[in-house]
Amino acid sequence: MAIGTFARFYLVSWLGERVTADIRTQVFDHLVHLHPSYFETNKSGEIMSRLTTDTTLLQTIIGSSLSMALRSSLTFTGALILLLITNLKLTAMVMLCVPLVIVPLLYFGRKVRTLSRQSQDSIADVGTYAGEIIRQIKTVQSYTREETEQKAFAREVETAFNIAKSRVKQRSVLIAAVIVMVSAPSPPCSGLAALMCWKAA
């Protein structure tokens, strides 16, 4: 089990790092060929945030969440096959509970996805604002605007925090729902709940 865990963790983590590196390279290659007007309408701080922060999020998804989804898929498939072999009546009862698992997870999952996008946007805004102030720090200091900019940056950070807090709350509800499903006596429902949680998140 130790060898298998090592192989799974190493290979999946390597895959996440490789995909992230390739995406960053392709995004940068695309950026350097864009028309100058694109950089006039889009702030450099936001572009940098997309190039670094967003791709790091993909790395997390591919590196860890993907292995969990694979494991849950195998659990669901294996348990369902065993149920079909063991008891058709019980299998039919289990399949009837599938909508009860899917509907709440899809509902909360949509909210989590929306808040995740908003959270990434707010993080990009924070990076953009900080980048602009740092680039123009001489102007800010010459007009003694330090305190004003500190307050403005704090507002940006607080906005990002509030969005992240909402996302964490919704995800916590989603995880709690999954735990309830996993605690159900049916193994297929448990595997399905974990799988749907990954897809929603």
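Not measured: the values here are computed from a predicted model. (Residues numbered from 1 in each chain as written. Predicted model: local features only at pLDDT ≥ 70, side-chain atom pairs only at ≥ 80, totals over all residues. Heavy atoms only, no water.)

Engineer: What is the right way to look at the overall build of the protein chain in this model?
Structural biologist: A count of helical and extended segments in the protein chain gives seven helices and zero strands. In sequence order, the protein chain lays out its α and β elements as α-α-α-α-α-α-α. Counting over 201 residues, the protein chain shows a buried share of 30%. In the protein chain, of all internal contacts separated by at least 6 residues, the share reaching a separation of at least 24 is 80%. (Helix = DSSP H or I, 4+ residues; strand = E, 2+ residues; numbered from the N terminus. Buried < 20%, exposed > 50% of the residue type's maximum accessible area, 1.4 Å probe, protein only. Contact = heavy atoms within 4.5 Å.)

Engineer: Where do I start with the confidence of the model for the protein chain in this structure?
Structural biologist: As a general rule, the predicted coordinates of low-pLDDT regions are not to be interpreted in detail. For the protein chain, the mean per-residue pLDDT works out to 78, and 88% of the residues sit at or above 70. Ranking the elements of the protein chain by mean pLDDT puts helix H7 (residues 187-200) last with 48 and helix H5 (residues 137-142) first with 88. (pLDDT = per-residue confidence, 0-100.)

Engineer: Would you take a moment to explain the packing of aromatic side chains for this structure?
Structural biologist: Summed over all chains, the structure comprises three aromatic pairs. For the pair Tyr38 and Phe39, a centre-to-centre distance of 5.4 Å together with 90 degrees between the ring planes defines the contact as edge-to-face. Tyr38 sits in the partly exposed class, given a relative accessible area of 31%. The class for Phe39 is partly exposed, based on a relative accessible area of 38%. (Phe/Tyr/Trp six-rings, centres within 6.5 Å; stacked < 30°, edge-to-face > 60°.)

Engineer: Help me out: how do you make sense of a nonpolar patch on the surface in this one?
Structural biologist: Taken together, the side chains of Phe6, Tyr10, Leu11, Trp14, Leu15 and Leu66 define a hydrophobic patch exposed on the protein surface, amounting to about 640 Å² of accessible area. For the nonpolar patch, the leading source of residues is helix H1 (residues 2-31), giving five residues. For Leu11, the position within the fold is in helix H1. (Patch = residues over 30% accessible without salt bridge, like charges linked within 9 Å, V, L, I, M, F, W, Y side chains within 5 Å. Areas by Shrake-Rupley, 256 points an atom, 1.4 Å probe, with all protein chains shown as cover. Salt bridge = Lys/Arg side-chain N within 4 Å of Asp/Glu carboxyl O.)

Engineer: Even after reading the chapter, I still don't get the pattern of salt bridges, so can you show me in this structure?
Structural biologist: When the charged atoms of two side chains with opposite charge come close together, those side chains can pair. Counted by the stated rule, this structure contains one salt bridge. Between Asp22 and Arg18 there is a salt bridge; the shortest N-O distance is 2.9 Å. Separated by four residues within a single helix, Asp22 and Arg18 lie in helix H1, roughly one turn from each other. The exposure class of Asp22 is partly exposed, given its relative accessible area of 33%.

Engineer: Can you help me understand the environment of Asn42 in this one?
Structural biologist: Summarising the element assignment, Asn42 is placed in the loop between helix H2 (36-41) and helix H3 (44-86). Here the alpha-carbon distance between Asn42 and Thr128, two residues 86 residues apart in the chain, equals 9.9 Å.

Engineer: When you look at the environment of Arg117 in this model, what are you seeing that I'm missing?
Structural biologist: Relative to the helices and strands, Arg117 resides in helix H4 (residues 88-135). Of the residues examined, Arg117 reaches a relative accessible area of 52% and is grouped as exposed. Placed 63 residues apart in sequence, Arg117 and Asp54 show a C-alpha to C-alpha distance of 9.9 Å.

Engineer: Mind showing me how you'd approach the side chain of Gln170 here?
Structural biologist: In this fold, Gln170 is placed in helix H6 (residues 146-182). With residues near it in sequence (within four places) discarded, Gln170 still touches Phe108, Lys111, Val112 and Leu115.

Engineer: Would you mind going over H4 with me for this structure?
Structural biologist: With 48 residues, H4 should cover 70 Å at 1.5 Å per step; its first-to-last C-alpha distance of 68 Å lies within 8% of that length. The axis of H4 is deflected most strongly, by about 25 degrees, at Cys97, and proline Pro99 appears within four residues downstream. The opening residue of H4 is Asn87, an N-cap whose side-chain oxygen sits 3.0 Å from the backbone nitrogen of Lys89. (Expected span 1.5 Å × (residues − 1). Bend = angle between axes of the 7 residues up to and from the residue. Polar contact = N/O pair within 3.5 Å; in protein donor to acceptor, adjacent residues only side chain to side chain.)

Engineer: Explain the side chain of Thr128 to me, please; I cannot follow it from the model alone.
Structural biologist: Position of Thr128 among the secondary structure elements: in helix H4. The residues contacting Thr128, other than those within four sequence positions of it, are Lys43, Gly45 and Glu46.

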